[in-house]
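Observations on the three-dimensional arrangement
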Amino acid sequence: MPRVLIIDDQKDVRAMVAIVLRVNHYEVAEAGSGAAGLKTFAEGRFDAVIVDIFLGDISGVDVIATLRERAPGLPVVAMSGMTALDFMEQSPHLASVICLQKPFRPNDLLQALRKAQAAAAGELPAAV
């Protein structure tokens, strides 16, 4: 069963994402801050990470940069209430990140996760 880490400071968003993933046979870990997410990632093995760009403590862009240093091929989905282009140019670490704009439907989430896995495998152009 694939393991996914959800990093979002909004408990209701984390809960919704976790439910969708669990129903679709993913094992899920949740973190309510960037620092907690990085700690959780360091303590476990994850097949993908879903990160909110605007976290309360650390920028999601910085979290993604740290994750990329630790696991360069990690599939990452970046969530944001803003359009993807508003933050895509902030960091080279966002090159193969798939963007998911809030609010989104469960199928959008699953599709973004599949695209992130394909992008990490080099099967899909970046920033889709």
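Read on for an overview of the structure. (Residues numbered from 1 in each chain as written. Predicted model: local features only at pLDDT ≥ 70, side-chain atom pairs only at ≥ 80, totals over all residues. Heavy atoms only, no water.)

**Here we look at the environment of Pro-106**
- Structurally, the position occupied by Pro-106 is in helix 4 (residues 106–120).
- For the pair formed by Pro-106 and Val-17, sequence separation is 89 residues and the distance between their alpha carbons is 7.8 Å. (Helix = DSSP H or I, 4+ residues; strand = E, 2+ residues; numbered from the N terminus.)

**Concerning the pattern of salt bridges**
- For the coordinates displayed, the defined rule picks out 8 salt bridges.
- Residues Asp-47 and Arg-45 are paired through a salt bridge, measuring 2.8 Å at the closest nitrogen-oxygen approach.
- According to the relative accessible area criterion, Asp-47 is partly exposed, its value standing at 27%.
- Take Arg-45: its relative accessible area is 52%, and that puts it in the exposed class.
- Three or more residues are tied together by salt bridges with common partners; here these are Asp-8, Asp-52 and Lys-102. (Salt bridge = Lys/Arg side-chain N within 4 Å of Asp/Glu carboxyl O. Buried < 20%, exposed > 50% of the residue type's maximum accessible area, 1.4 Å probe, protein only.)

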